Amino acid sequence: MAPRFHDLTVTDIERQTSDAVAIAFAVPDDLRDAFRFRPGQYLTLAAKVDGEDVRRSYSICSAPGDPHLRVGVKKVADGRFSRFVNEVLSVGDTIRVMPPEGRFTSLAGERHDYLLIASGSGITPMLSIARTVLGHEPESTVTLVYGNRSTDTIMFREELQDLKDRHMRRFSLVNMLSREKQDFDLLNGRIDGKKIAHMSDLGLIDPLGSDGVFLCGPGAMIDDVSETLKSYGVDPDRIRYERFTPSGEAPRPRAPSDAAQKAVAGGVAIEVVLDGVRREFPMGEGAETVLDAAHSAGLELPYSCAGGMCCTCRCRVVEGQSEMAVNFSLEPWEIEAGFTLACQTRPLSDRLVLDFDAV
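The structure contained in this document is the topic of the report that follows. Every value quoted in this text rests on a predicted model; they were computed, and no experiment measured them. Residue indices begin from 1 for each chain and proceed along its sequence in written order. Local features are withheld for residues below a pLDDT of 70 in this predicted model, meaning they are given only at 70 or higher, and side-chain atom pairs are given and counted only at 80 or more; totals for whole chains, interfaces and linings count all residues. Hydrogens and waters are ignored; side-chain quantities use all the structure's heavy atoms.

Here we take up the state of the cysteines. Two cysteine sulfurs form what is called a disulfide whenever their separation falls within 2.5 Å. Counting across every chain of the model gives zero disulfides. Of the cysteine sulfurs around Cys-310, a residue in no disulfide, the closest is that of Cys-305, at 3.6 Å. Classification of residues uses two cut-offs on accessible area relative to the type maximum, computed with a 1.4 Å probe and protein chains only: under 20% is buried, over 50% is exposed, and between them is partly exposed. Take Cys-310: its relative accessible area is 13%, and that puts it in the buried class.

Okay, a nonpolar patch on the surface next. Taken together, the side chains of Phe-184, Leu-202 and Leu-204 present a nonpolar region at the surface, about 260 Å² in accessible area. Secondary structure elements follow DSSP: runs of H or I of four or more residues count as helices, runs of E of two or more count as strands, with numbering from the N terminus. Its place among the elements puts Leu-202 in helix H4 (residues 193-202). For patch building, the residue pool is restricted to those with more than 30% relative accessible area and no salt bridge; the joining distance is 9 Å between like charges and 5 Å between nonpolar side chains (Val, Leu, Ile, Met, Phe, Trp, Tyr). Using a 1.4 Å probe, the Shrake-Rupley method yields the accessible areas, and only the shown protein chains count as cover for residues. Take a side-chain nitrogen of Lys or Arg and a carboxyl oxygen of Asp or Glu: if they are within 4 Å of each other, that pair is a salt bridge.

Let's shift gears to the packing of aromatic side chains. Two numbers describe a pair of aromatic rings. These are the distance of the centres and the angle of the planes. Each pair of aromatic rings taken from Phe, Tyr and Trp, with Trp reduced to its six-membered ring, is defined by centres within 6.5 Å and is described as stacked if the planes are under 30 degrees apart, edge-to-face if over 60, and tilted in the remaining cases. Overall, the coordinates contain four aromatic pairs when judged by the stated rule. Residues Phe-104 and Phe-214 carry aromatic rings whose centres are separated by 5.3 Å and whose planes lie at 70° to one another, so their mutual orientation is edge-to-face. Here Phe-104, found in the loop between strand E6 (94-101) and strand E7 (113-119), pairs with Phe-214, found in strand E10 (residues 212-217); they are 110 residues apart in sequence, far enough to count as distant. In this scheme, Lys NZ or Arg CZ marks a charge over a ring once it lies within 6 Å of the ring centre and within 35 degrees of the ring normal. One residue, Arg-96, lies across the ring of Phe-5, its end atom 5.3 Å from the ring centre.

Okay, the sheet that holds strand E4 (residues 52-59) next. A pair of strands is considered paired only if DSSP assigns at least 2 bridges between the two. An order of E4-E3-E6-E1-E2-E5 is seen for the six strands of this open sheet, with the pairing classed as antiparallel. Strands at the two margins of the open sheet, each flanked by one partner only, are E4 and strand E5 (69-74). When strand polarity is set aside, the average angle formed by the axes of neighbouring strands in this sheet is 40°. When strand E1 (residues 6-17) meets E6, the two strands line up antiparallel, connected through four bridges. Bridge pairing in E6 links His-6 to Val-97. To obtain each axis, a line is fitted to C-alpha atoms, and for helices this fit is confined to the stretch in contact; angles are then taken between N-to-C directions over 0 to 180 degrees.

The next subject is the packing of helix H2 (residues 123-136) against helix H3 (residues 157-166). Interaxial distance between H2 and H3 falls to 11 Å at its minimum, and their mutual angle equals 25°. In this view, H2 runs roughly parallel relative to H3, as classed from their interaxial angle. When the axes of H2 and H3 are compared, the crossing they make is left-handed. For the pair H2 and H3, the contacting residues are Ile-123, Leu-127, Ala-130, Arg-131 and Leu-134 in the first and Glu-159, Leu-160 and Leu-163 in the second. Partitioned by chemical class, the residues of the contact of H2 with H3 number six nonpolar, no polar and two charged. These descriptions rest on fixed angle ranges, namely under 35 degrees for roughly parallel, over 145 for roughly antiparallel, 65 to 115 for roughly perpendicular, and the rest for oblique. For a crossing to be left-handed, the near helix must be turned anticlockwise from the far one by less than a right angle; the clockwise case is right-handed. In what follows, a contact means two residues having at least one pair of non-hydrogen atoms within 4.5 Å. Three classes are used, and their members are as follows: Ala, Val, Leu, Ile, Met, Phe, Trp, Tyr, Cys and Pro are nonpolar, Asp, Glu, Lys and Arg are charged, and the others, Gly among them, are polar.

Residues Ile-270, Val-272, Phe-281, Met-283, Val-290, Leu-301 and Phe-356 are the most contacted members of the largest nonpolar core, which totals 29 residues. Every element with two or more residues in this core is listed here: helix H6 (258-266), strand E12 (268-274), strand E13 (277-283), helix H7 (290-296), strand E16 (339-341) and strand E18 (351-355). Once residues within four sequence positions are removed from consideration, Val-272 is found in contact with Val-277, Arg-278, Arg-279, Phe-281, Leu-299, Leu-301, Leu-354 and Phe-356. Take the buried Ala, Val, Leu, Ile, Met, Phe, Trp, Tyr and Cys residues and link them wherever side-chain atoms come within 4.5 Å; each set so joined is a nonpolar core. Within the second largest apolar cluster, 28 residues are counted, among which are Met-126, Ile-129, Leu-163 and Phe-171.

Our focus in this paragraph is the environment of Asp-66. Take Asp-66: it is sitting in the loop between E4 and E5. We classify Asp-66 as partly exposed; its relative accessible area is 26%. Identification of polar contacts relies on pairs of N or O atoms within 3.5 Å, with a donor-acceptor requirement for protein atoms, meaning one able to donate a hydrogen and the other able to accept it, and with residues adjacent in sequence counted only if both atoms are side-chain atoms. Only 2.7 Å separates the side chain of Asp-66 from the side chain of Arg-131, close enough to count as a polar contact.

The five strands are arranged E9-E8-E7-E10-E11 in an open sheet whose pairing can be described as parallel. In the strand order of this sheet, the two ends are held by strand E9 (171-177) and strand E11 (239-243), each with one partner. Strand-to-strand twist in this sheet, taken as the mean axis angle between neighbours without regard to direction, amounts to 10°. In this structure, E7 lies alongside strand E8 (residues 141-148), joined through seven bridges in parallel fashion. By the bridge assignment, Leu-116 is partnered in E8 with Leu-144. Contacts from H3 reach E8 and E9 within the one sheet, and its direction differs from that of E9 by about 145°.

In structure tokens form, the structure reads like this:
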């Protein structure tokens, strides 16, 4: 069944830095099953901002079993939703929240060595993973490399220090600062592949000995570090990443192919299967993707980021042909199996049937 929004009450807003907060929600007893999550997953929040319905995805920073569900939200310069959350949202307000989703999750099993590499607000899923692993896997270890501009911009600084104090032998924290000088020169500047390689050479981190290397932050950092790790011999299957893209920095989608332009110019009949119900709507010129066409037809399809990153709009092509403008979340095997992202899908045939109930 496709995810649906639920109204949750804001129980606490904790200021983390001058431009970031942690928001806690109360989950009613009848929704506890729906909001169970695995460490590393995210929530999609929706609200009316300046009269327009806006939604954004934010990673869960709480651990399973915590009394409240929390996400971290960092304000970005032209981010309407993050500004709304940081400046307008108040304790006692209700906000629409979609149940947890995402596959950037902790490893299955009881004993692992984790290497977590995060930048800025990329710490939010890492905090959930680290807290859960350290609290429930007594033999597992966690090494966190965390990049920020300066000490006062470090989100969850006290919680991270508390983890370090309580798990001194199993939790290593390496803080990198780009605008604040530290004594050890390697720890100055932004996280990139070269610095990760240097840390590995010095024995500060052990990518080859890690069961999982988790990356969360800007796309450029993820791409650079991933390539370095692979060149060092780290199995690509052990590298997991969650991209976040500040507003205004989204990667440019590929231009529509000639076949896609021709199909849309001639008009396409779209049919979707959603919660067991079939719905049809047309797609013609003016609509960039299937999601755009659905909106124009007044049909609400599941989506969150609309940028090809979160996988909320994942569906399977069961009839017709299509292409994607960008894809940052589907695995190669999923594409091979016929899955696509509705927010990036462009038809290549005059009829396209998409199944949102396919798993």
